[in-house]
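# Residue-level structural notes
So the chains spell out like this:
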Amino acid sequence: MEIKALIVDDEERGIVALKQLIEKYCEDIVVEGTAMNVADAEKLIIKTQPDVVFLDIEMPGGNGFQLLEKFEEISFDIIFVTAYHEYALKAIKFAALDYLLKPVKIAELQTAVARLKKKHADGMNDKEKYSFFKNMVNDPNPFKKIILSTMDGYFPIRFEEVIYCKADDSYTHFYLSGNKHYVVSRNLKEFEEMLTPYHFYRIHKSYLVNLNHIERISKADGATVIMSNQDELPVSIRKKEEFIGVRTKVA
């Protein structure tokens, strides 16, 4: 199955390098064209109707977000390609979108393309995620929700709904209020990095908890926490003292 691709980057060497990697290591991905600014990219997308756009974030005459704003409905997939940009990367992660950091590594490119092919084979698209992402970028207080990408679809979840997260090898289980449960194919470490600034704490190698959902802490026989859904979770010995201090500050 042939997948039509465009590369949008303000640096010619970036375009050349990525095009070479795609042609050499990504079977079935055909680069139909390239653009170096928002205006040219918009025209090229309308003309070629690509399946995927490899999109740089920072460009002259507007950035990648502004390019997306020009389309009422995004009918193509996007793989962001960027040098490290803290705010942009944070928004991309919260929206569960694919991205590549420059300089692009072969293995990471192949992984992103493999996910893209699977979505196409399954007849899935990311329209909901892009809508969520655009709203996030325009929101003056954007980081209130996270998209959970599961086998059954995409679910925007408010932070306050999450009671705790549990590690399961390369998967993470989300336990939410209302007895909702989702399984996401990303490891707990990724969510720890994203959620820690929002009153979440890693109490154990297997558990990341929402501090606002802790009902009580038991110090007998080590330490455990009882969550708002009455699940009892262990606190690792090395985390116990620090956790008590963090919990006290939040309370």
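Use the structure listed above.
This section reports on the structure supplied with the text. (Residues numbered from 1 in each chain as written. Predicted model: local features only at pLDDT ≥ 70, side-chain atom pairs only at ≥ 80, totals over all residues. Heavy atoms only, no water.)

### Details of the layout of surface pockets
Empty space within the largest pocket amounts to approximately 1,300 Å³. A96, D98, R115, S185 and R186 are the residues nearest the centre of the largest pocket, which is lined by 46 residues in total. Looking at the lining of the largest pocket, the elements with two or more residues in it are β4 (77-82), α4 (86-94), β5 (98-101), α5 (106-121), α6 (127-138), β6 (145-150), β10 (180-184) and α7 (188-195). When residues of the lining of the largest pocket are assigned to their parent elements, the largest contribution, 9 residues, is made by α5. The class makeup of the residues in the lining of the largest pocket is 25 nonpolar, 5 polar and 16 charged. Taken as a whole, the second largest pocket holds about 180 Å³ of empty space. (1 Å grid on protein atoms, 1.4 Å probe; cavity = no way out; pocket = protein on both sides within 12 Å on 5 of 7 lines; lining within 4 Å. Points joined across faces, edges and corners; volume = space filled by probe spheres on them. Helix = DSSP H or I, 4+ residues; strand = E, 2+ residues; numbered from the N terminus. Nonpolar A, V, L, I, M, F, W, Y, C, P; charged D, E, K, R; others polar.)

### Overview of the pairing of β6
Pairing of β6 with strand β7 (residues 153-158) involves 6 bridges; the strand directions are antiparallel. For I147, the partnering residue across the bridge sits in β7 and is P156. Hairpin connection from β6 to β7: 2 residues lie between these consecutive antiparallel strands. (Pairing = 2+ DSSP bridges.)

### A word on the sheet that holds strand β2 (residues 29-35)
Pairing within the open sheet is parallel, and its 5 strands lie in the order β2-β1-β3-β4-β5. At either end of the open sheet lies a strand with only one pairing partner, and these are β2 and β5. On average, each strand axis in the sheet is tilted by 25 degrees relative to the strand beside it, whichever way the strands run. Pairing of strand β1 (residues 3-8) with strand β3 (residues 52-56), which is carried by 4 bridges, proceeds in the parallel orientation. Residue pairing across strands places I7 opposite F54, the latter belonging to β3. (Axes fitted to C-alpha atoms, helices over the stretch in contact; angles between N-to-C directions.)

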